[in-house]
Amino acid sequence: MSRIERAVLVISVIVGLVAIGVIIHKHTGGAKTGKNDPTFKTLAAVGDTPFLSGCAAVPASNDPVPDQDRDIVLRPDQKVDYKLAPPDFGPYAADQVQVNADGYYTADNAPSVESLMANLNAGWTVLWYVPNLLDPGQVNNIKKAAQVLHSDPRYSLFVAAAWDESRGKFPLGTPIALTRWTKTSAGNLGHVAYCHEPSGEAFREFMAFYGAPAIPGIDEQ
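Residues numbered from 1 in each chain as written. Predicted model: local features only at pLDDT ≥ 70, side-chain atom pairs only at ≥ 80, totals over all residues. Heavy atoms only, no water.

## A few points about the nonpolar core
Generally speaking, nonpolar side chains in soluble globular proteins are found buried as a group. Our working rule: Buried Ala, Val, Leu, Ile, Met, Phe, Trp, Tyr and Cys residues that are joined via side-chain atoms within 4.5 Å together make up what is termed a nonpolar core. The rule is simple: take the accessible area with a 1.4 Å probe, protein chains only, and divide by the maximum for that residue type; under 20% is buried, over 50% is exposed, in between is partly exposed. Every helix listed is a DSSP run of H or I at least four residues long, and every strand listed is a run of E at least two residues long, numbered separately from the N terminus. In this analysis, two residues are considered to be in contact whenever any of their non-hydrogen atoms come within 4.5 Å of each other.
In terms of nonpolar packing, the biggest core is built from 30 residues, with Leu127, Tyr129, Ile142, Phe158, Ile176, Leu178 and Phe203 touching the most fellow members. When residues of this core are traced back to their parent elements, those giving at least two are helix H2 (38–44), strand E3 (125–129), helix H5 (136–151), strand E4 (158–162), strand E5 (176–184), strand E6 (187–195) and helix H6 (200–209). Considering each element in turn, this core owes the most residues, six residues, to H5. Residues in contact with isoleucine 176, not counting those within four places in the same chain, are Leu127, Trp128, Tyr129, Leu134, Ile142, Phe170, Ala193, Tyr194, Cys195, Glu197, Pro198 and Phe203.

What follows is the structure in structure tokens.
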């Protein structure tokens, strides 16, 4: 093979590799997809893995919403004795909570259940946690995950708030609950997934399961 032929071969190989790289980049959306997605990377380091957390991508409940419970707006300061702790549908306050920048509330500043139910009714994911059943590290992981999710435009309809057990008890061993209220042509459903450990990625997976944007290479495989 002549020197010219070798040069042509090398150039052809380089061009081919560049073309493959361009195709892969376009197919995956570039470096900000899959495990390189900044939000995925950050959440994967918060708490346990989805499997160990006990949270399920397909939640433990899919509760049909009775017609009489679909659109009940409460009077100011009206309280409701919800059937489920925490509720995944039901009467809600007239105004949504204007969620703070962290997307996170402690027992000292948590909005009322009825107010956050208005957010749930409007398509939010609401995470409730029982502070006295968690250690400080677990609570801090919930806060970290909430901050990451709420600050990402794809997952910004996320809020975590402390749950008051006087409003009802969670199942034993599950001090965290993710709630969602979906309204589609197929039906009106409430969903709850209980967790024994916080998991940033499990919280995001729950949102993605109910329509939040998927991460190519992670949710789309």
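## Let's talk about unusual backbone geometry
Looking along the chain, the bond that leaves alanine 85 and enters proline 86 is cis, with omega of -10 degrees. For proline 86, the location among the structural elements is in the loop between strand E1 (61–64) and strand E2 (104–105).

## Examining H5
Put simply, the test is: Here, expected helix span is obtained from the residue count minus one, scaled by 1.5 Å. For the purposes of these results, a polar contact is taken to be a pair of N or O atoms within 3.5 Å, where, inside protein, one atom must be able to donate a hydrogen and its partner to accept one; residues adjacent in sequence count only when each atom of the pair is a side-chain atom.
Given a rise of 1.5 Å per residue, 16 residues ought to cover 22 Å, and the 22 Å separating the end C-alpha atoms of H5 matches this to within 8%. Along H5, the residues that are buried comprise Gln138, Val139, Asn141, Ile142, Ala145, Ala146, Val148, Leu149 and His150. Looking at the buried residues of H5, the elements they touch are H2, E2, E3, E4, E5 and H6. Taking the backbone nitrogen of glycine 137 as reference, a side-chain oxygen 3.0 Å away marks aspartate 135 as the first, capping residue of H5.

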